[in-house]
Amino acid sequence: MSALKLGTRKSLMATTQSRLVADALTQRTGHAVELVGVTTEGDVSKALLAQIGGTGVFVNALRDRVLAGEVDFAVHSLKDLPTGPAEGIVLAATPLRDDPRDALCGPAKLADLRRGARVGTGSPRRVAQLRALRPDLEVVPIRGNADTRLRKVTDGELDAVVLAYAGLRRIGREDDVAEIFEPDQMLPAPGQGCLALECRAGRADLLELLGTVDDPVTRAAVVAERTVLAVLEAGCSAPVGAYAAEEEQELRLTAAVVAHDGSRQIRLSASGHPDQAERIGRELAAELLARGADQLMGERD
Ligand SMILES: NCc1[nH]cc(CCC(=O)O)c1CC(=O)O
């Protein structure tokens, strides 16, 4: 069999994580894997993610290559996948999750930033939770790859930026991290720190091969977290966090909806058997809605 073609975005973060997946697959199956770089709309558009996000801007071009048979499978940051199903595409594997937490990058910890310090992030979830922790901060919307964002701090344009710790590790920028937020301070985005392998539906041979790097616990966590997002009908433009992990054989899910100004939040947890991940997510989301999540998400400042 010739080398498997892996479709990936071209950023350093994307190619690093895709290379890790390729090496793991080769190690487990003996198949050579070749990376094929693809440019996505999200790599080109200058619009803020809060406006274009949630609709698969980092994902659609890769899925097109998979459907056209130009690549055998694609590797995505799972966080970037829309919650709805994609015609003809299956989620073949979710490898073991990397660190799910958010990190503050810059010279100082959050508590040590001066009053009114400028902190960059484009994510409404991070904005709302930052404001809850430090209402005095000036939150500045930013975009671009991790490198570009970190440069705004070294250039002095911003005092700090918030990024996913897993991504920073993948690009070797751990030294830029001043503080890693625990989930009770800043609840991660659904699927943060996870990868997704997608291939065309109906390719049983390939599914089996890709399945060798699947981690069932990660998959259960992802299903629970993303079900919350789907039921709330929220995308990455909504201030919603969700994080699930295995605790004593049970899957424990926490989800939060935070007001845009950080003044209020609804935060709930539930546990259950990992096989029941979807139900746990659905019921927790219903409870969030019953407690006014819809109204909280709709409010703008
Ligand atoms: N397109 C945004 C994106 N998608 C995945 C990651 C980080 C890595 C991850 O969560 O797996 C990032 C950057 C960030 O949030 O800092």
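Residues numbered from 1 in each chain as written. Predicted model: local features only at pLDDT ≥ 70, side-chain atom pairs only at ≥ 80, totals over all residues. Heavy atoms only, no water.

1. Brief notes about the overall build of the chain
Alright, step 1. Check the secondary structure of the chain and you find 11 helices and 13 strands.
Alright, step 2. Taken over C-alpha atoms, the radius of gyration comes to 19 Å for the chain, in line with the 19 Å a tight globule of 301 residues would show.
Alright, step 3. Counting over 301 residues, the chain shows a buried share of 50%.
Alright, step 4. Of the roughly 13,500 Å² that the chain leaves accessible, carbon and sulfur atoms contribute 47%.
Alright, step 5. Of note, the chain has its 37 positive side-chain charges centred 4 Å away from the centre of its 44 negative side-chain charges. (Helix = DSSP H or I, 4+ residues; strand = E, 2+ residues; numbered from the N terminus. Rg over C-alpha atoms; globule rule 2.2 N^0.38 Å. Buried < 20%, exposed > 50% of the residue type's maximum accessible area, 1.4 Å probe, protein only. Areas by Shrake-Rupley, 256 points an atom, 1.4 Å probe, with all protein chains shown as cover. Lys, Arg positive; Asp, Glu negative; His and termini not counted. Charge placed at Lys NZ, Arg CZ, Asp CG, Glu CD.)

2. Observations regarding the site of the ligand
Alright, step 1. Lining the immediate environment of the ligand, one finds 13 residues, of which Lys79, Asp80, Arg126, Ala164 and Gly193 sit closest.
Alright, step 2. Between alanine 164 and the ligand, the recorded distance is 2.9 Å, taken from a backbone N or O atom to an oxygen atom.
Alright, step 3. When the ligand sits alone it has 400 Å² of accessible area, and the protein chains cover 90% of it.
Alright, step 4. Only β8 (160–164) and α7 (165–170) provide two or more residues apiece to the shell around the ligand. (Near = heavy atom within 4 Å. Polar contact = N/O pair within 3.5 Å; in protein donor to acceptor, adjacent residues only side chain to side chain.)

3. Some thoughts on the domain arrangement of the chain
Alright, step 1. Its domain assignment divides the chain into domain 1 (4–95 + 194–214), domain 2 (102–180) and domain 3 (226–298).
Alright, step 2. Distance between the C-alpha centres of domain 1 and domain 2: 27 Å. (Domains from an automatic or database assignment.)

4. Details of the pattern of salt bridges
Alright, step 1. Considering all chains together, one arrives at 24 salt bridges under this definition.
Alright, step 2. Ionic pairing is found between aspartate 99 and arginine 101, a salt bridge with its closest N-O pair at 2.9 Å.
Alright, step 3. For aspartate 99, a relative accessible area of 13% corresponds to the buried category.
Alright, step 4. The salt bridge partner of arginine 173 is aspartate 147, with a shortest N-O separation of 3.0 Å. With a gap of 26 residues between them, arginine 173 in the loop between α7 and β9 (177–180) and aspartate 147 in helix α6 (residues 146–154) connect regions that are remote in the sequence. (Salt bridge = Lys/Arg side-chain N within 4 Å of Asp/Glu carboxyl O.)

5. Let's talk about the pairing of strand β12 (residues 250–258)
Alright, step 1. Most of β12 sits out of view: seven of its nine residues are buried.
Alright, step 2. As defined by bridge partners, strand β11 (residues 240–247) adjoins β12 across eight bridges and the pair is classed as antiparallel. The residue bridging alanine 244 from the neighbouring strand is leucine 253, located in β12.
Alright, step 3. Two successive antiparallel strands, β11 and β12, enclose a turn made up of two residues, where glutamate 248 displays a positive phi of approximately 50°.
Alright, step 4. Of the strand pairs in this sheet, β12 and strand β13 (residues 265–272) are connected by eight bridges, and their pairing is antiparallel. By the bridge assignment, leucine 253 is partnered in β13 with alanine 270.
Alright, step 5. From the end of β12 to the start of β13, which pair antiparallel, there are six residues, and glycine 262 there has a positive phi angle of about 75°. (Pairing = 2+ DSSP bridges.)

6. Some details on the environment of threonine 121
Alright, step 1. Mapped onto the elements, threonine 121 comes out in the loop between β6 (118–120) and α5 (124–133).
Alright, step 2. On the accessibility criterion, threonine 121 (1% relative accessible area) is buried.
Alright, step 3. It is 12 Å that separates the C-alpha atoms of threonine 121 and arginine 131, two residues lying 10 residues apart in sequence.
Alright, step 4. Those residues in contact with threonine 121 that lie beyond four places of it in its chain are Arg126, Val127, Leu130, Val139, Val140, Pro141 and Ile142.
Alright, step 5. Within the structure, the side chain of threonine 121 is placed 3.2 Å from the backbone nitrogen of serine 123, a separation counted as a polar contact. (Contact = heavy atoms within 4.5 Å.)

7. Remarks on the sheet that holds β11
Alright, step 1. An order of β11-β12-β13 is seen for the three strands of this open sheet, with the pairing classed as antiparallel. This sheet does not close on itself; its edge strands, each paired only once, are β11 and β13. Going across the sheet, the axis of each strand differs from the next one's by a mean of 15°, ignoring polarity. (Axes fitted to C-alpha atoms, helices over the stretch in contact; angles between N-to-C directions.)

8. Examining the nonpolar core
Alright, step 1. Counting residues in each nonpolar core, the largest one holds 26 residues, and the members touching the most others are Leu232, Val240, Leu251, Val257 and Leu288.
Alright, step 2. Those elements that place two or more of their residues in this core are α9 (216–231), β11, β12, β13, α10 (277–290) and α11 (293–298).
Alright, step 3. Setting aside residues up to four positions removed in sequence, leucine 288 forms contacts with Val228, Leu232, Ala255, Val257, Ile266, Leu268 and Ala293.
Alright, step 4. Counting 18 residues, the second-largest nonpolar core is a separate cluster that includes Leu25, Phe73, Ala92 and Cys199. (Core = buried A, V, L, I, M, F, W, Y, C linked by side-chain atoms within 4.5 Å.)

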